[in-house]
Amino acid sequence: MHISGTFITVTLFLFLSALLPALPTLGRTQESASVPDPPLQTQAIQIVKAPWSALSLSGTKLGTTLRVNVRLGPAAEVAELEPWTGLLQIAACGPPPEQAAMLSTSLSIKGLLRNSRYSEGLWFDQAGSAYKRLRYNQEPGKYWLKEYCWKKNGVHRSKLAPAAEEEKLHKPGAWQEQTSSWYALPERPAQCTSLSDPALLIVLASAMAQEPQERSLSLCTFGRRQLFQLEMTRETGEAQAVSYRILQDSGPAQERSGRIKPLVYRITAQQVQTDDMTEAFSLMGLEEDIRIFVDPATYLPIRLSGTARMAGKVELDLAEARIN
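Residues numbered from 1 in each chain as written. Predicted model: local features only at pLDDT ≥ 70, side-chain atom pairs only at ≥ 80, totals over all residues. Heavy atoms only, no water.

J.: Describe the overall build of the protein, and please don't skip the residues or the numbers.
T.: From N to C terminus, the protein includes three helices and 16 strands. Across the 324 residues of the protein, 51% fall into the buried class. Carbon and sulfur atoms make up 50% of the accessible area of the protein, which totals about 15,200 Å². (Helix = DSSP H or I, 4+ residues; strand = E, 2+ residues; numbered from the N terminus. Buried < 20%, exposed > 50% of the residue type's maximum accessible area, 1.4 Å probe, protein only. Areas by Shrake-Rupley, 256 points an atom, 1.4 Å probe, with all protein chains shown as cover.)

The following block contains the structure:
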């Protein structure tokens, strides 16, 4: 079967665009520079100590390689990694709580038609309540930095972007285009006692796998502009092949390969408030049929799968993990 180059180009462009979140413009306000609200307390989820501190997952689609690198640990340590060094000095939310944890996720896309990188940093407390989120798009020609500040009655978002072509050659600290927006939270269901973030779902999957009696979980997250009520439900998984490396601070690396029967967590999302600002729920660009597969022996997330807009099914498999 012959597939034209035009078809591949258009399909791949739409697929990559779906993976890189498209967010409305925002900027700094006097409110965001004020003393931050303490994180809201989460009653719906209890995050135990994750067995890992770093994950590397990868997959291919339409001749393009996708790689996701995840780091988890104390905010004081993770914030010192690239690309966050220097960005904290221009953040509008203010300093995070002293005991905050941080989840850093970087998505890189490499192919013949497009090379880009998108990073997200999430600061949260040990119960899973989000404090702030930075999203940094490093796709050539489309640079921006967006920050979300969680407040008691809403979410403030700010955006920095180059105001002129010459500013694209510099880091965000030199960008002059600044915009802002405020999103008041709607009346929430009983399950929305506080707000978390979609990125933490991969951590929650590891936590739930360590508690066999936990077969489902309800929580609420804030996406780009909307509040979502989520359900994580454990399904019966089929045996599948795995092959990944386990790194640790002491001792040699271990290779784990063979066939296992994973724990599978299906994620469904419903927008709490339906209005003209409808948006699709997204986890790393995946919007539907989202599942997280966990190795029951190591509690490591071994696969993230789902459907991306205009691209169909996408699977990211664990290649390497660093355990605590």
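J.: I'd love a proper account of the nonpolar core, names of residues and values included.
T.: Core analysis: the largest hydrophobic core is formed by 61 residues, its most contacted members being Trp-52, Leu-55, Leu-103, Leu-201 and Met-232. Of the residues forming this core, the biggest block, seven residues, is contributed by helix H3 (residues 201-209). Contacts of Met-232, omitting those with residues within four sequence positions, involve Leu-201, Leu-204, Ala-205, Met-208, Arg-215, Ser-216, Leu-217, Tyr-265, Arg-266 and Ile-267. Val-78, Trp-84, Leu-160 and Trp-175 belong to the second largest nonpolar core, which has 17 residues in total. (Core = buried A, V, L, I, M, F, W, Y, C linked by side-chain atoms within 4.5 Å. Contact = heavy atoms within 4.5 Å.)

J.: Explain the packing of aromatic side chains to me, and be specific about the residues and the numbers.
T.: One pass over the structure, following the stated rule, counts seven aromatic pairs. Between Tyr-136 and Trp-175, the aromatic rings sit 6.4 Å apart at their centres with planes inclined by 55°, giving tilted as the arrangement. Note that Tyr-136 is positioned in strand S5 (residues 130-137) and Trp-175 in the loop between strand S7 (154-161) and strand S8 (177-184), a separation of 39 residues in sequence. Accessibility assignment for this pair places Tyr-136 and Trp-175 in one class, buried. (Phe/Tyr/Trp six-rings, centres within 6.5 Å; stacked < 30°, edge-to-face > 60°.)

J.: Outline the environment of Arg-157, supporting the account with residue identities and numerical values.
T.: Mapping Arg-157 onto the fold places it in strand S7. Taking C-alpha positions, Arg-157 is 9.1 Å from Arg-225, a pair spaced 68 residues apart along the chain. Among the polar contacts made by the side chain of Arg-157, one reaches the side chain of Tyr-148 at a distance of 2.8 Å. Separated by 2.3 Å, the side chain of Arg-157 and the backbone oxygen of Arg-224 make a polar contact. (Polar contact = N/O pair within 3.5 Å; in protein donor to acceptor, adjacent residues only side chain to side chain.)

J.: Before we move on, could you go through the pairing of strand S9 (residues 216-222) and cite the residues and values that matter?
T.: Across the seven residues that make up S9, a large majority, five, are buried. The pairing of S9 with strand S10 (residues 227-235) spans seven bridges and is classified as antiparallel. Paired with Ser-218 across the two strands is Glu-231, which belongs to S10. Connecting S9 to the next strand, S10, in antiparallel fashion are four residues. (Pairing = 2+ DSSP bridges.)

J.: So what about unusual backbone geometry? Which residues, and what values?
T.: The omega torsion across Glu-82 and Pro-83 is 5°, close enough to zero to call that bond cis. Residue position: Pro-83 is located in the loop between helix H2 (75-78) and strand S3 (101-110). Unusually for a residue other than glycine, Asp-289 sits at a positive phi of about 50°. Along the chain, Asp-289 falls in strand S14 (residues 288-294).

J.: If you had to explain the pattern of salt bridges to someone new, which residues and values would you point to?
T.: Taken as a whole, this structure holds 11 salt bridges when the rule is applied. A salt bridge links Arg-266 to Glu-235; its shortest N-O distance comes to 2.7 Å. Here Glu-235 lies in strand S10 and Arg-266 lies in strand S13 (residues 263-271), a separation of 31 residues in the sequence. On the accessibility criterion, Arg-266 (28% relative accessible area) is partly exposed. Glu-255 is the salt-bridge partner of Arg-245, the closest N and O atoms lying 2.8 Å from each other. In this pair, Arg-245 is assigned in strand S11 (residues 240-247) and Glu-255 in strand S12 (residues 254-260), connecting sequence segments 10 residues apart. Residues joined by salt bridges that share partners form a network here, namely Arg-303, Lys-313, Glu-315 and Asp-317. (Salt bridge = Lys/Arg side-chain N within 4 Å of Asp/Glu carboxyl O.)

J.: So what's going on with the state of the cysteines? Which residues, and what values?
T.: All told, the structure shown has one disulfide when counted by the stated rule. For Cys-93, the disulfide goes to Cys-149, at an S-S distance of 1.8 Å. On the sign convention where negative is left-handed, the bridge of Cys-93 and Cys-149, at about -100° about the S-S bond, is left-handed. Highlighted residues: Cys-93 in the loop between H2 and S3 and Cys-149 in strand S6 (residues 144-150), separated in sequence by 56 residues. (Disulfide = S-S within 2.5 Å.)

J.: Talk me through the pairing of S6; I want residue IDs and the actual numbers.
T.: Most of S6 is tucked away: seven of the seven residues are buried. Covered by surrounding structure in S6 are Trp-144, Lys-146, Tyr-148 and Trp-150 together with Leu-145, Glu-147 and Cys-149, the residues of both alternating faces. Where S5 and S6 come together, six bridges link them in antiparallel fashion. By the bridge assignment, Asn-137 is partnered in S6 with Trp-144.

J.: Residues and numbers for H3, please.
T.: Within H3, nine of the nine residues are buried, leaving the element largely enclosed by the surrounding structure. Three or more residues of H3 are buried, namely Leu-201, Ile-202, Val-203, Leu-204, Ala-205, Ser-206, Ala-207, Met-208 and Ala-209.

J.: Explain the side chain of Gln-226 to me, using residue names and the numbers behind them.
T.: Within the secondary structure layout, Gln-226 lies in the loop between S9 and S10. In this structure the side chain of Gln-226 is engaged in a polar contact, spanning 3.4 Å, whose partner is the side chain of Gln-271.

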